[in-house]
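Residues per chain, in single letters:
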Amino acid sequence: MTCPRCHAENREGARFCRECGGTFEAVCAGCGAPVEAEDKFCDRCGASLAGTQAQPAAAPRFASPERYTPKHLAERILTSKTPSRASASR
């Protein structure tokens, strides 16, 4: 099973991507409620699902910094012993 968001390979039957943590459940584009593939209308908000295919759930708006910070940069930040200018001027 390939993740629609990050394209990582996952085992069949997985509910979440092992690489990015995204869910494999289809959701309503209107309200984000989980929907079944054969549904014609969302049972939470009533939005039609016929014209648009249900989309995989989107990534959280504020993803963990570990997901987008390069490893070498994160290590450099964590091992830095120099205080930032903002904290030094206080």
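Up top is the structure.
How each quantity is defined
Once a new chain begins, its residue numbering starts again from 1 and follows that chain's sequence as written. Residue-level local features of this predicted model are given only where pLDDT is at least 70; pairs of side-chain atoms are given and counted only at 80 or more, and the full residue set underlies all totals for whole chains, interfaces and linings. No hydrogens and no water enter the side-chain calculation; it runs on all heavy atoms of the structure. Working definition: helices are DSSP H or I runs of at least four residues, strands are E runs of at least two. Numbering for both runs from the N terminus. Categorising residues by exposure relies on relative accessible area from a 1.4 Å probe, with only protein chains included: less than 20% of the type maximum marks a residue as buried, more than 50% marks it as exposed, and the intermediate range marks it as partly exposed. In what follows, a contact means two residues having at least one pair of non-hydrogen atoms within 4.5 Å. Accessibility throughout is a Shrake-Rupley quantity obtained with a 1.4 Å probe, and a residue counts as covered only by protein chains that appear here. By disulfide we mean two sulfur atoms from cysteines, separated by a distance within 2.5 Å.

### Digging into the overall build of the protein
Right, so step 1: What the protein contains, in helices and strands, is three helices and two strands.
Right, so step 2: Starting at the N terminus, the α and β elements of the protein follow one another as β-β-α-α-α.
Right, so step 3: Taking all 90 residues of the protein together, 16% fall into the buried category.
Right, so step 4: In the protein, 21% of the contacts between residues at least 6 apart in sequence involve partners at least 24 apart.
Right, so step 5: About 7500 Å² of surface is accessible on the protein, with carbon and sulfur atoms providing 53% of the total.

### Some words on the environment of Cys28
Right, so step 1: Here Cys28 lies in the loop between β1 (26–27) and β2 (55–56).
Right, so step 2: Residues Cys28 and Ala47, 19 residues apart in the sequence, show an inter-C-alpha distance of 7.7 Å.
Right, so step 3: Those residues in contact with Cys28, other than ones at most four positions away along the chain, are Ala33, Val35, Cys42, Cys45, Ala47 and Leu49.

### Topic: the state of the cysteines
Right, so step 1: By the definition in use, this model includes zero disulfides.
Right, so step 2: Summary of cysteine pairing: Cys3 is not part of a disulfide, and the nearest cysteine sulfur, belonging to Cys20, is at 3.7 Å.
Right, so step 3: Since its relative accessible area comes to 13%, Cys20 is described here as buried.

It is worth stressing that arrangement in space is one thing and function is another; only the former is reported here.
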